[in-house]
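# A look at the structure
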Amino acid sequence: MIGYRSKYTIFFVLILSMVGVVACFNEDDYNLDKIAAIEWDPSYAIKFLHGELSINDFEKDLKDFDIRTDPDGLLYFYYESYNESDSLTGIVEFSDVSANASFNSMVNFVGSLNEELLVVDDTFVIDLGLSGGQIDSVFYEMLGLDIIFGCTANLGYELTFTFPTFLEEGVPITRTYTRTTNDPIANQRLDQFTGFLADLTQDDPPYNHFPIAIQAKLLPASNVTITQADFFEFKFDISNQDFNWIVGYFEPQSRGLSDEDLSIDIFDRNFEGEYGLEGTKMSFEIEHDFGVPIRLAFNTLQASNSEGAVLPIEIDPVSPIDINYPTVLGTSARDLITVTNASDIFNFKPDGFQYQVEAFVNEGIGDGRNFLADTSKARVKFIAEIPLWGYASGIVLQDTVQIDLQGLSEDGVEIDPKAAYLKTLITNGYPVDIAVQAVMLDENFLIIDSLLRKDQTLLVKAALTNDTGIQEEGVFDGEIELEEQKLDALFDATYMIVIGRLRTFTNTDGSQPNVKFFEQANVSVDMGLRTDLNIKVKP
Amino acid sequence: MKRYLLLSIISATVVFSAYAQQEFTLHLMQTIPQSAYNNPAYVPTFNSYIGLPGISSIYTSEYNSGFSYNDVFTRREDDSLVVNLEALNNKLKSRNYFINQQEIDVLSFGFRLNPKMYLNFNLTGKNIEAFEYPNDIMALFVNGNSDFIGKTMNLSLSLDGMGYFETGVGMSYKVNDKLTVGARFKYLSGIINARTNQADFELFTDEFYALTISGDMQIETSGIDEMSNGDYAIGVKDISKYFKNSGFGLDIGGTYQINDKFRVGASISDIGFINWKNDVTSYTLEKEVSEFTWEGIDIQELITKSDALDNLLDSLENSFEIVEAHGGQYKTALPLRTYVTGRYLLPRNTEVGMVFFSEKYGKIWQTGIGLVGNKQFGKHFDFSLSYSFRKNTYNNLGAGFSLRLPPFQIYAVSDNLLGAPLYLNNIKYINLRMGINLVFNWNKKQAALPNSLTNLR
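Note that residues are indexed from 1 along each chain, following the sequence as it is written. Both sets of labels track the order of writing: A upward for chains, 1 upward for ligands. Where local features are concerned, this predicted model is filtered to residues with pLDDT of at least 70; where side-chain atom pairs are given and counted, the filter is 80 or more; whole-chain, interface and lining totals use all residues. Heavy atoms from the whole structure form the basis of all side-chain values; hydrogens and water molecules are not counted.

Bringing the pattern of salt bridges into the picture now. Where charged atoms from two side chains of opposite charge approach closely, those side chains can pair. Residues and elements named next belong to chain B. Here, a salt bridge means any side-chain nitrogen of Lys or Arg that lies within 4 Å of a carboxyl oxygen of Asp or Glu. Evaluation of the coordinates by the stated rule reveals 35 salt bridges over all chains. A salt bridge links K91 to D71, with the nearest nitrogen and oxygen atoms 4.0 Å apart. In this pair, K91 sits in helix α3 (residues 85–91) while D71 sits in helix α2 (residues 69–72), placing the two residues 20 residues apart along the sequence. Judged by its relative accessible area of 41%, K91 falls in the partly exposed class. A salt bridge links R195 to E220, with the nearest nitrogen and oxygen atoms 2.6 Å apart. With R195 in strand β9 (residues 179–205) and E220 in strand β10 (residues 211–222), this residue pair connects regions lying 25 residues apart in the sequence. Owing to a relative accessible area of 12%, E220 belongs among the buried residues under this scheme. Through salt bridges that share partners, E23, E103, K126, E166, R184, K186, D251, D270, R337 and R433 make up one connected network. Strands here mean DSSP runs of E at least two residues long; helices mean DSSP runs of H or I at least four residues long; both are numbered from the N terminus. A simple rule labels every residue: compare its accessible area, found with a 1.4 Å probe on the protein chains alone, to the largest value its type can have, and call it buried under 20%, exposed over 50%, or partly exposed in between.

Here a pair means two rings of Phe, Tyr or Trp (six-membered ring of Trp) with centres within 6.5 Å. Their orientation is stacked below 30 degrees between planes, edge-to-face above 60, and tilted elsewhere. Here the structure, examined in full by the defined rule, presents 43 aromatic pairs over all chains. Arranged with centres 5.6 Å apart and planes meeting at 55°, the rings of F161 of chain A and Y177 of chain A form a pair that is tilted. Of this pair, F161 of chain A sits in strand β9 (residues 157–168) while Y177 of chain A sits in strand β10 (residues 171–179), and the two are 16 residues apart along the sequence. For the pair F161 of chain A and Y177 of chain A, a shared accessibility class is recorded, and that class is buried. Note that K516 of chain A overlies the ring of W389 of chain A, its terminal NZ or CZ placed 4.5 Å from the centroid. In our convention, an over-ring charge means Lys NZ or Arg CZ found within 6 Å of a ring centre and within 35 degrees of that ring's normal. The side chain of K375 of chain B reaches across the aromatic face of F377 of chain B, ending 5.4 Å from its centre.

What follows is about the interface of chain A and chain B. We call two residues in contact when some of their heavy atoms are within 4.5 Å. With 47 residues of chain A at the contact, the number on the chain B side is 44 residues. Throughout, the accessible surface (probe 1.4 Å) given up by two parts as they are put together, summed over both, is called the buried area. Approximately 4,100 Å² of surface area, both sides summed, lies buried where chain A meets chain B, with 63% of it carried by carbon and sulfur atoms. Across the contact surface, chain A and chain B share one salt bridge. Across the pair E295 of chain B and K47 of chain A runs a salt bridge whose closest N-O atoms are separated by 3.2 Å. What qualifies as a polar contact is a pair of N or O atoms within 3.5 Å, subject to a donor-acceptor requirement within protein and to the restriction that residues adjacent in sequence count only when both atoms come from side chains. The tally of links from chain A across to chain B stands at 14 residue pairs in polar contact (both at pLDDT 80 or more). Taken together, the elements giving at least two residues each to the side of chain A that touches chain B come down to α1 (4–24), β1 (35–40), β2 (43–53), β26 (389–402), β27 (413–428), β33 (474–482) and β36 (523–537) of chain A. Considering each element in turn, the side of chain A that touches chain B owes the most residues, eleven residues, to β2 of chain A. Considered class by class, the residues forming the side of chain A that touches chain B number 24 nonpolar, eight polar and 15 charged. As defined by bridge partners, β1 of chain A adjoins strand β4 (residues 81–83) of chain B across three bridges and the pair is classed as parallel. By the convention adopted, Pro, Cys, Tyr, Trp, Phe, Met, Ile, Leu, Val and Ala count as nonpolar, Lys, Arg, Asp and Glu as charged, and the other residues, Gly among them, as polar. One bridge is not enough; two strands pair if DSSP finds at least two bridges between them.

Right, dumping it as C-alpha cells:
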C-alpha cells in the first residue's frame, strides 16, 4: 500500500523529469532557417575530351576538296571541276526538206475497168539537205513525212510509196494510200517513221540522199477515162528529223567546246598562311564520244588571283592538240593534258581559272568515215592534286564553342573555382608543331581573357617523318595549372574560341624541311580537368 | 518517371522511419507485460492484462551509425547554424546504416491459465527499414574524386524494409522452480517490402580522369509499384490482398534460476519469414551491360559538329536501363533477434543485470551490451536505469518506469531517453516504448523476488 504523500512524490518526480527533458531540447537546433550556409571544398577530376583526329576529319571544312591517299600512303588534296558539252553533235545539221514530183500516166484507157491498172511506176530521189557532212547512214529515232498528192483525172486509185533504203528491222518501209472519187482532188497524208536505219548511199553523190519508189494503180470502175496527158503530182515535206547516230564524213569545222571562268577559292581559302608544297599536279582530262579527228585549241588558259593578277597555265602537249577519238560507236576516247607549271599556279593562290577550248573537226582532212550519236558529248575535267608534302607555317585552325558554366551557379549556389589543372596527353603523328590556346569571350563576343598564360604553351611537337612514313611521334604529356583569374573568366564566358597554330617541323637552325603527311597518322587526345572548388549553398 | 517515384518513396521511407528493435532496459521490468516480447518465457506480475487498443504499446527506434547532429551542425556566435560536410564525411565509416523500426499494438491481452502457464495474445503492426550506405558516396560529394584517381570508389547501397501485421499467441510454462520456458507463434501478413539482393555500384577514375561507372543491381519489392502508381490503399476492402503476403514467425525463450540470487535467460525472436506474392516487382540492372565510361566528348564528334554532348548523355542513360519485371514471389526472413540475460538480485527489491543483444536484418548484423538496474517500489511503481553500447554508440543512458494505479498501468521505457536530453545532439541511437495497460490481480508470488531477499522487503 502506498501512501498519498508517496504517490504525489512519484508524480512530482515524473513531471519534473518530463519538464527537464523538454527544457533540454533546443528547438533552434532543428530550425533549418537558422542554417547560414553549407560550404565545402571538393576537388573533382573529370575527363572532358578524348579521341583521335586525322586530317580526313577536316574534309568537310575543305571547300570542294577531297582528301585522298596515293599508293605510298601520302595524303593529297584532290579537286576537280567538270564541264560537259554537246556542242559537237551539231556539226551535222538536219533541216526540214520539201520536194515536189510529177508523173504522167503511162496508159490511155476509156471504158469500164474491171481490174486494177498500173498507171505510174517510178522512183524519186530526195536530198535530205544535210549540212556539215556527207552522211551515208543515219539511224533515225523519228522522221516526219507529209505527203500531198493529187491527179488530174478524177478517178479512184491506190498509191504505194516504197522507201527501199529506209529499213525497219531490215525491211523497206512502205506506205499505201487510196483515193476514192468522193475524195478531194488533192489529198494529204501525214506519217511518222520511227526507229529505222536510213542508207543514204544509193544515189549520186552517194550520201545525203534517199529514193522513194512510187506506184499508182487505178481501181476498178465503170466509165474510166485516162490519157497519157493526165499526171499525178506529189509534194513531200520531211520534218522532225531526230537521229540516234549518224555515220559519214564530217566536213572540217570548229565548235567551242568549253568557255569557262571557274571561280575557285580552294587555294586562298584552304591554304592560309605561308607554305610551299611539292609535287602539286594539275591537269585537264579530255574525254569525248565523237568518232572524228579533233584538234583542240586552248584559246584562253590562265589563272587569276584575288589581287587581279593573271598567270598563264602552261600545258603539255601544247595547244593545239590532236586528241584521240573513238573508232567504235558507243565508246569514248580520253586524253590527259598536264599543267606543267602547277606548283607556280598553287603558289599563285588563284581564285579563278579561265579557259576557252575550241574543237576543230577533221582539220585538214578531206575524207574519212566519222560518226557521232545524239548522246555524244565532250567532257573537260580540270584536276588538281596537291600532296601534303612540303612546309608550312602560320596556319591557324580555330573553332568556336558555346559554353555555359554560369549555369552551374544557380540561385543560392555559389561555385568558386580555386584551382584547376589541365592534364593532357597528346600524341601527334603529323610532322607539324601544334600550339593550342583558347580565348574566352562574353555574350557580345568581346574577349575576356585567354585560358593559358603566355608562358604556358600547350605545344605539341611535330612527328618526324621521312619518305617511308612516321619515324617518331610528337608527344605532349603534362599538367598545366590554370590561374584562378582565368578560371573566373572561364566561368563568366559565353563562348570560347579554341585556336590551333600550325607550323611544320622546324630544324634547330629555324629552317623548315619538306615533310610528308601520311594516311596512317593521327593526333590522339586525352584531356582531363582537375579542379578545386569552393561551393557555397545558401538555403 | 515511375523509377524516380519509386526511389523517392524508398528514400522518404528511409529518412522518416528507420528502426531496429533492441531493448535492454525493459528486460528487468517484468511488471510490464510487453517485456515478454523480448523473451516469451517472461511472466508478467499480473494475473491478467488487457492492452488498450492502439496505445498499449507504441515502440519506436532509430539508429544512425554514421553521424550525430553535432557531427554535422555547428552553431556560430551569431546563433546561425553551419553545416559541416567535411566533419560529417570524416565521421563516416566505410559502411554506415540507418535502421528504423516501429511497432504498435492494435490489440493485446494475457492471462494466467494455471499456476504454471501464462497465455498472451497480440495483434501488432510492425515496420522495419535498414539502409546501408558507404562513406564513399559522401566522400564523392564532399571531397570529390580527385583523391581517388586510379582507385575505385564503392557506391553500393542496400535497402531492406518491410511493413507487416503480426498476430501472435504466446505461452510461458514453468517447468519447475528453476526453469521457465516460453514460445510465441505468429501469423504474419505482409503489407509492403523492398529487398536488395544486389546493389553494387562502383566508380573508377583513371589517370586521365575518365570515369567508369558500373552497376549490378537486383531489388525485389511488394506493394511499392502499386504505391508509385497511386493504387495503394489500406481499407477493409483492400486489406484482403495483403493477406496474400503471408508468413509465420516464432519466438522462443527460457529463464533459469541458478540460485536464489542469480537468474539467466535467453531468447530468440522472429524466427520466420514472409512469402511476398502481392504486386511483386523486381528492378534489375544487368552487370554485363551496366557499365559506362565517361571519356568526355569525342574530339572527332566535336569537329564534325554533331550534338556530341547529347549523344554522350544518351549513351550514359542507355547503359543503365533498369529492367522492370512483374509477378512471381519471393521470401524474406524476419529480423532475427537474440537476447542473453543475466540478472542478479540485490537487497531492497533491487535487481541488476546484463543483457547481450544481437540482430541480423538483411546484410546488417548488429550487436550490443547493456547493464540494467531495476528497483520496485511496492506494487505501484518500479524504476529502471540502464547503460548500453552498440557499434559506434557508447553514450546510451536508458531509463524506464512503470506506474500502476489499478487497473491502469502507465509505462515508458527507453534505452537512451535519459541521455538524450543531456546530449541529444550527440546521440546516434534512440528508442522508446510506452503505453497504457489495464492490469488485474497483482500476483504477489510472481512479483516476489525469488529468494530470501524477499523477506527483507
